[in-house]
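Coordinate analysis (summary)
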Amino acid sequence: MKEYWRENSLVNPNELEFGTHPYVCVTGDTHADMDWMKLNMQRFPEQKTMTRNDVLIIAGDFGGIWSGRNDDGSESRSDDYFLKFYEMRHFTTLFIDGNHENFSALASYPVVEYAGAKCHQIRPHVYHVMRGEVLHIAGHRIWCMGGAESNDKDRRIPYKSWWPEEIPTEEEWRHAEKMLLKERPDIIITHEAPYKVYEAFNMYGYHPNPVSERFDRIFGMIRRNEIPVMTWYFGHHHKDRVAEIDGIRFRCLFQKIEAARCLNPEYYRLPDGTLTAELNWGEDVGAERWWNDSLKF
Ligand SMILES: [Fe+2]
């Protein structure tokens, strides 16, 4: 097997001391290879010292399982290509499901337990965290809940480019709520966000949908039960923004990768005490930079 780390002048992963301090990084949608450039060495240099004990969590719309299985049950060539990329990283990749996933193929992978949560094991170091499960990593309890409604589903083909399973079932919601009350997480990772937070993120064009409305209910449940949620990460909206609402730091992620372990809300606080709402990072990056970045995997 080729020594990828040597060819790319990285640290030899076998010589790293295995993590007494697991590192938890979170980012937004990757959509197979369309938005995975943020994971290259230039934009995500932390990965040079990460080990298999450290995790990157993708907040839905992973997209690496999209073409699904061939007639003989083997993985499609394109999915294998995407998944090889993640398996070659030094860290362990976890993802929750968004709305752009092939749910039929996803369900075909074996269910295992990783860090206390039920997951589909996709590769030795790539896992899909199932809905409502709670990861226990680095002293954090991370409640994960996938699913979102596609607003372009009318233009998509059922079971080819759109799956009704994108909306969680009542049974999945109940399980998730039960886990939330039992585990009392300090971090939440979802694909969609509560509708109540849309305004804080200047997302005025959006309408409530079954998933965002259910998250409104869950937001209320968190406050009533004083669940010590510090940060609620979500993706789906293709923005990098932050806002604090009722003591919870809501973080919409797309191009940014954030280290949950080194989380410091002060970092985002302006001198007058208000929290910044960041611009979509993609707006600052010219086409040339995007292209150059893409060559550096
Ligand atoms: Fe999405």
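Since the structure is predicted, the reported quantities are computational estimates derived from the model, not experimental observations.

On to the confidence of the model for the protein chain, then. Counting all residues, the mean pLDDT for the protein chain is 81, and 80% of those residues have values of 70 or more. In the predicted structure, residues 261-270 sits below a pLDDT of 50 and forms 10 contacts with residues beyond four places in sequence or in another chain. In the predicted structure, residues 274-297 sits below a pLDDT of 50 and forms 33 contacts with residues beyond four places in sequence or in another chain.

This part takes up the environment of Phe201. With respect to the helices, strands and loops of the structure, Phe201 is situated in the loop between strand E9 (187-190) and helix H5 (210-224). Among the residues examined, Phe201 registers 19 C-beta atoms within 10 Å and is labelled partly exposed. Phe201 sits 49 residues away from Phe250 along the chain, and the two C-alpha atoms are 9.3 Å apart. Among residues more than four places away in sequence, those in contact with Phe201 are Lys239, Arg241, Ala243 and Cys252.

What follows is about the pairing of strand E7 (residues 134-137). Pairing of E7 with strand E8 (residues 140-145), which is carried by four bridges, proceeds in the antiparallel orientation. Across the sheet, Ile137 pairs through a bridge with His140, a residue of E8. Linking E7 to E8, which pair antiparallel, is a turn of two residues; within it Ala138 sits at a positive phi near 50 degrees.

Before going further, it helps to spend a moment on H5. For an α-helix, 3.6 residues make a turn, and residues three or four places apart therefore share a direction. Helix length check: H5, at 15 residues, gives a terminal C-alpha distance of 21 Å against a target of 21 Å (1.5 Å per residue), a fit within 8%. Taken residue by residue, H5 has Val211, Ser212, Arg214, Phe215, Ile218, Phe219 and Ile222 as its buried positions. Along the long axis of H5, the arc covered by the buried residues comes to 155 degrees, so they all point the same way. Every exposed residue of H5 that faces more than 90 degrees away from the buried side is listed here: Arg217 and Arg224. Lining the buried residues of H5 we find helix H4 (170-183) and E9.

A few words now on the sheet that holds strand E13 (residues 257-259). Spatial ordering of the open sheet is given by E4-E5-E6-E3-E2-E1-E13, a layout of seven strands whose pairing is mixed. In this open sheet, the two strands that pair with only one neighbour each are strand E4 (111-114) and E13. Within the sheet, the average angular offset between the axes of one strand and its neighbour, ignoring direction, is 35 degrees. In this structure, strand E5 (residues 117-123) lies alongside strand E6 (residues 126-129), joined through four bridges in antiparallel fashion. Bridge pairing in E6 links Cys119 to Val129. Contacts between helix H2 (residues 77-87) and the sheet are confined to strand E3 (92-95), E5 and E6, with E5 contributing the most and set at about 110 degrees to the helix.

Looking now at the nonpolar core. Of all hydrophobic cores here, the largest spans 58 residues; its most connected members are Ile57, Ala59, Val129, Cys144 and Ile189. A per-element tally of this core places H5 first, with five residues. Leave out the neighbours within four places in its chain, and Ile189 touches Val26, Ile57, Ala59, Ile96, Ile142, Cys144 and Tyr233.

A separate point is the packing of H4 against H5. With their axes 11 Å apart at the nearest point, H4 and H5 run at an angle of 20 degrees to one another. On the basis of the axis angle, H4 is roughly parallel to H5. Where H4 crosses over H5, the two elements pack in a sense that is right-handed. Contact residues: Trp173, Glu177 and Leu180 in H4; Arg214, Ile218 and Met221 in H5.

Burial analysis of strand E12 (residues 248-252) places four of its five residues in the buried class, which makes it a mostly covered element. Taken together, the five bridges between strand E11 (residues 241-245) and E12 define a ladder with antiparallel strand orientation. Across the sheet, Ile245 pairs through a bridge with Ile248, a residue of E12.

Rules behind the numbers
Residues numbered from 1 in each chain as written. Predicted model: local features only at pLDDT ≥ 70, side-chain atom pairs only at ≥ 80, totals over all residues. pLDDT = per-residue confidence, 0-100. Contact = placed C-beta atoms within 7 Å. Helix = DSSP H or I, 4+ residues; strand = E, 2+ residues; numbered from the N terminus. Buried ≥ 20, exposed ≤ 12 C-beta atoms within 10 Å, placed from the backbone. Pairing = 2+ DSSP bridges. Expected span 1.5 Å × (residues − 1). Arc of directions from axis to C-beta. Axes fitted to C-alpha atoms, helices over the stretch in contact; angles between N-to-C directions. Core = buried A, V, L, I, M, F, W, Y, C linked by C-beta atoms within 7 Å. Parallel < 35°, antiparallel > 145°, perpendicular 65-115°, else oblique. Left-handed = near helix turned anticlockwise from the far one by under 90°.

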